[in-house]
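For reference, the chains in residue letters:
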Amino acid sequence: MEDRSHKVLLALVMLLLFAVIVLQYVCPGTECQLLRLRALSPAAAAADPYRAEDETPARFVPRFNFSADDLLRRVDFNIKGDDLIVFLHIQKTGGTTFGRHLVRNIQLEQPCECRAGQKKCTCHRPGKRETWLFSRFSTGWSCGLHADWTELTNCVPSVVDSKKEVRLRPSSVWRCFQAHDPAFLQHPRTDSCPKPCSLPYCQVSLGVRNFYYITILRDPVSRYLSEWRHVQRGATWKASLHVCDGRSPTTEELPSCYTGDDWSGCSLQEFMDCPYNLANNRQVRMLSDLSLVGCYNLSVMPEEQRNKVLLDSAKENLKRMAFFGLTEFQRKTQYLFEKTFNMNFISPFTQYNSTRASSVEIDKQTQQRIEALNFLDMELYDYAKDLFLQRYQYMRQKEHQEARRKRQEQRKMLRAKQAHLREEQGENSS
């Protein structure tokens, strides 16, 4: 009986040794072995930072067709050169949180200097007194309060150029080109890029300066309710310039929804009833090239045509941006930014599902009314969400392919090493 138990124990030991040898052959790296062991543990799903942070289905089914160039976003961001990240901050999209991440939570050779009690941080390039980030928390509202796409693409080049040394200005020539397109438009002006440059990348001929535009979007209904609550508390954004084609809109083109200093205390019904409310379809308006539709002059073209031009422009600009994130997908937003710019955050992003907007209870009829008022934003968000998740899926697949390639190289090296050892053993024995 005792002899039989010894045989069983010996068989188990041999089986374990065989499994270890097979594992070593299939995956010789220690990192791979640890990953396999973690995958078998009960806490594996909870340890994955990208699982179960949102309501994303296990198998995401794309609705839109995007090319590989549309999905692959890897920017060779030259922080020591002249490259600039430009953050287009849309109201109530979680942009303040993301903006703070940019100045306080990125691993840099020369971190941003943020002093207590001051909103703005100093984000200089290593060894230079120039900023690599154009945002609320670094340069302030240099192009106006919550400047939109139309304002930023016309303002940022001149603001940056004005801060360079005078000796550089006479020969400055701005070049604008599409992502992954070698063709570009050249214009001998130094105040701004030419009108066709409703694109994310601008390049100056002295050195190489790329403007990488980024933004954050949010579910339109949640964003709309959040803006209403913000306005209800007294926010106005009256300082916004809304500059388009060189001027701000007249009061006839952009009437106010209220009289007095602010609209504090307004009800949701009053907020929805104002036909001039810029909260309606705000994300589409702020991401589109307004000069294509005559800016804020609604008489330039029929409403249906205007809406189509704005939506198409917003989609195209969003697709060609270096990066965009979604408030509802914090960890995926962090992942895509890190992969795009090869810049890592210190602390992981946190998914806050409890906000002021989420605390507002509305009936189905009110929700449908908000969706109707923001029908362009609803369509843009569906498009953005699909593109965002496809990019995430694509980048993860690339990551897995790279890991598989490394494992294959390790196996080749191991086989070569084993063959070499066998040859040496054969020579020694002979």
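A brief report on the enclosed structure follows. Keep in mind that what you see is a predicted model, and the values were worked out from it rather than measured. (Residues numbered from 1 in each chain as written. Predicted model: local features only at pLDDT ≥ 70, side-chain atom pairs only at ≥ 80, totals over all residues. Heavy atoms only, no water.)

## Structural notes on the overall build of the protein
Then comes step 1: A count of helical and extended segments in the protein gives 13 helices and seven strands.
Then comes step 2: Here the protein, with 430 residues, has 45% of them falling under the buried criterion.
Then comes step 3: Across the protein, every contact between residues at least 6 apart in sequence was considered, and the portion connecting residues at least 24 apart equals 72%.
Then comes step 4: As displayed, the protein offers around 23,900 Å² of accessible surface, 52% of which is attributable to carbon and sulfur atoms. (Helix = DSSP H or I, 4+ residues; strand = E, 2+ residues; numbered from the N terminus. Buried < 20%, exposed > 50% of the residue type's maximum accessible area, 1.4 Å probe, protein only. Contact = heavy atoms within 4.5 Å. Areas by Shrake-Rupley, 256 points an atom, 1.4 Å probe, with all protein chains shown as cover.)

## Some words on the packing of helix H10 (residues 303-320) against helix H13 (residues 375-429)
Then comes step 1: H13 packs onto H10 with a crossing angle of 20° between their chain directions and a minimal axis gap of 10 Å. One way to sum up the angle between H10 and H13 is to call them roughly parallel. For H10 against H13, the interelement crossing comes out right-handed. Across the interface between the two elements, Asn-307, Leu-311, Ala-314, Lys-315, Leu-318 and Lys-319 from H10 touch Phe-375, Leu-376, Glu-379, Leu-380, Tyr-383, Ala-384, Leu-387 and Arg-391 from H13.
Then comes step 2: Looking at side-chain class alone, the contact of H10 with H13 contains nine nonpolar, one polar and four charged residues. (Axes fitted to C-alpha atoms, helices over the stretch in contact; angles between N-to-C directions. Parallel < 35°, antiparallel > 145°, perpendicular 65-115°, else oblique. Left-handed = near helix turned anticlockwise from the far one by under 90°. Nonpolar A, V, L, I, M, F, W, Y, C, P; charged D, E, K, R; others polar.)

## Concerning helix H12 (residues 364-373)
Then comes step 1: Those residues of H12 that fall on the buried side of the exposure criterion are Thr-366, Ile-370 and Leu-373. Angular distribution of buried residues about the axis of H12 spans 65°; they occupy a single face of the element. Across from the buried face of H12, at angles greater than 90 degrees, the exposed residues are Lys-364 and Gln-365.
Then comes step 2: In this fold, the buried residues of H12 make contact with helix H7 (220-232), helix H8 (268-273) and H13. (Arc of directions from axis to C-beta.)

## Side note on the packing of H7 against H12
Then comes step 1: H12 packs onto H7 with a crossing angle of 95° between their chain directions and a minimal axis gap of 10 Å. In this view, H7 runs roughly perpendicular relative to H12, as classed from their interaxial angle. Here Val-221, Tyr-224 and Leu-225 of H7 lie close against H12, whose contacting residues are Ile-370, Glu-371 and Leu-373.

## A word on the sheet that holds strand S7 (residues 323-326)
Then comes step 1: Reading across the sheet, the four strands line up as S2-S1-S6-S7 and stay open at both edges, with parallel pairing between neighbours. Where the open sheet ends on each side, the last strands, each with one partner, are strand S2 (133-134) and S7.
Then comes step 2: Bridge count for strand S1 (residues 84-88) against S2 is two bridges, and the pairing is parallel. Across the sheet, residue Ile-85 finds its bridge partner in S2, namely Leu-133.
Then comes step 3: Most of the contacts of helix H11 (residues 330-341) go to S7, to which it runs at about 170°, and overall it touches S1, strand S6 (211-217) and S7. (Pairing = 2+ DSSP bridges.)

## Regarding the environment of Asp-245
Then comes step 1: In this fold, Asp-245 is placed in the loop between H7 and H8.
Then comes step 2: Residue Asp-245 is classed as partly exposed on the basis of its relative accessible area of 48%.
Then comes step 3: Considered as a pair, Asp-245 and Gly-294 are 49 residues apart in the sequence and their alpha carbons are 8.5 Å apart.

## Points about helix H6 (residues 149-163)
Every α-helix carries 3.6 residues per turn, so stepping three or four residues along brings you back to the same face.
Then comes step 1: For H6, spanning 15 residues, the distance from its first C-alpha to its last is 21 Å, which sits close to the expected 21 Å at 1.5 Å a residue.
Then comes step 2: Where H6 bends most, at Cys-155, the angle is about 35°, and the proline Pro-157 comes one to four residues later.
Then comes step 3: Buried within H6 we find Trp-149, Thr-150, Glu-151, Leu-152, Thr-153, Cys-155, Val-156, Pro-157, Val-159, Val-160 and Asp-161.
Then comes step 4: Of the residues flanking the start of H6, the one acting as N-cap is Asp-148, its side-chain oxygen 3.2 Å from the backbone nitrogen of Thr-150. (Expected span 1.5 Å × (residues − 1). Bend = angle between axes of the 7 residues up to and from the residue. Polar contact = N/O pair within 3.5 Å; in protein donor to acceptor, adjacent residues only side chain to side chain.)

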